Amino acid sequence: MYALGMDIGGTNTVFGIVNKEGKVIASDSVKTQAFPVLDEYVTTVSSKIKELLSEAGISLTDIVGMGIGAPNASIYTGTINKAPNLPWKDDTIPLAQLFSDKFDGLKVTMTNDANAAALGEMTYGVAKGLKHFIMITLGTGVGSGIIVDGKLLYGKDGFAGELGHIIVDRSPEARLCGCGRKGCLETYCSATGLIRTARERMQGVKIEGSKDVYDLAMQGDATAIDIFNETGKRLGQALADMVVFSSPEAFVFFGGLAKSGDLFLKPTREALEESVMPIFRGTTKLLLSTLKDADAAVLGASALAW
């Protein structure tokens, strides 16, 4: 038997077929922003998943269910609600039902994308065996999945754990966030936020992605290095506030910025230890995901199906 897992990000949507041992049998992806019309998105992704199944010689009757990780998704309702980084701006999108209809009534379960990544990391990755940790995804936005006592924290409506939207800047110049508030962590410490900082401070330099800033920093560019230090410091200070909430054993980082290694993690770690309440100092690890690329979210989403 197999499960389908899908991760919907602000930039890419990745989906795959997963066996019970946690191996991704086959996977594919589409650009999320290429589909401003929701129906075209659902139809295209469904067709590509069916192609994967056909190529792998797997029948739909061999699929136990489908799990989806998506921004602002509720596990209770199977809907996405006002996700700022997705192209569909309807108040409530019944995405689980839409995909279920495409697969002959297959059971589809959906949760926040960072929650799915946390499940994947806890089941198959570096967080295996940990009962208290916080997953931080650093991509188009900043996502988080909070594990307490070995269980995901969902809250009353399935939306708990939106740590990317805690306010870290209350000045008049604070950046406007896609969620409608100003000064959210996401506007500074996501890959998008780092790119924005770089474009503000490195005018005249072509910056298309966070890797451009990374490459400049590795070449010794002082401004690029300072941008990573500034971004890491902001994140570390925010993590210090998160520690007093749930006293995690570790923060697990996943996504583009996490691949910057110590360039990003060193200032983050220093700011965390400097800012955290003394009783918690030195007690929380900073770990990098050991699952390649989007596997953490795909595997975690597929675990929902089991």
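Below or above, wherever it landed, is the structure these notes cover. (Residues numbered from 1 in each chain as written. Predicted model: local features only at pLDDT ≥ 70, side-chain atom pairs only at ≥ 80, totals over all residues. Heavy atoms only, no water.)

**Here we look at the side chain of Ser-144**
When you line up the elements, Ser-144 lands in strand E9 (residues 142-148). For Ser-144, the side chain forms a polar contact with the main-chain nitrogen of Leu-163, separated by 3.1 Å. Those residues in contact with Ser-144 that sit more than four places away from it in its chain are Asn-112, Ala-114, Asn-115, Ile-134, Met-135, Ile-136, Thr-137, Gly-161, Glu-162 and Leu-163. (Helix = DSSP H or I, 4+ residues; strand = E, 2+ residues; numbered from the N terminus. Polar contact = N/O pair within 3.5 Å; in protein donor to acceptor, adjacent residues only side chain to side chain. Contact = heavy atoms within 4.5 Å.)

**What about the pattern of salt bridges?**
In total, this model carries 9 salt bridges according to the counting rule given. Taking the shortest distance from any N to any O, the salt bridge between Arg-201 and Glu-230 comes out at 3.0 Å. Of this pair, Arg-201 sits in helix H5 (residues 191-201) while Glu-230 sits in helix H7 (residues 222-246), and the two are 29 residues apart along the sequence. The exposure class assigned to Glu-230 is partly exposed, which follows from its relative accessible area of 31%. Each member of the salt-bridge network shares a partner with another, and the members are Arg-175, Arg-196 and Glu-200. (Salt bridge = Lys/Arg side-chain N within 4 Å of Asp/Glu carboxyl O. Buried < 20%, exposed > 50% of the residue type's maximum accessible area, 1.4 Å probe, protein only.)

**So, a nonpolar patch on the surface**
A contiguous nonpolar surface patch, about 310 Å² in accessible area, is contributed by Val-244, Met-277 and Ile-279. With respect to the helices and strands, the residue Met-277 is situated in the loop between helix H8 (262-275) and strand E12 (285-288). Take Met-277: its relative accessible area is 47%, and that puts it in the partly exposed class. (Patch = residues over 30% accessible without salt bridge, like charges linked within 9 Å, V, L, I, M, F, W, Y side chains within 5 Å. Areas by Shrake-Rupley, 256 points an atom, 1.4 Å probe, with all protein chains shown as cover.)

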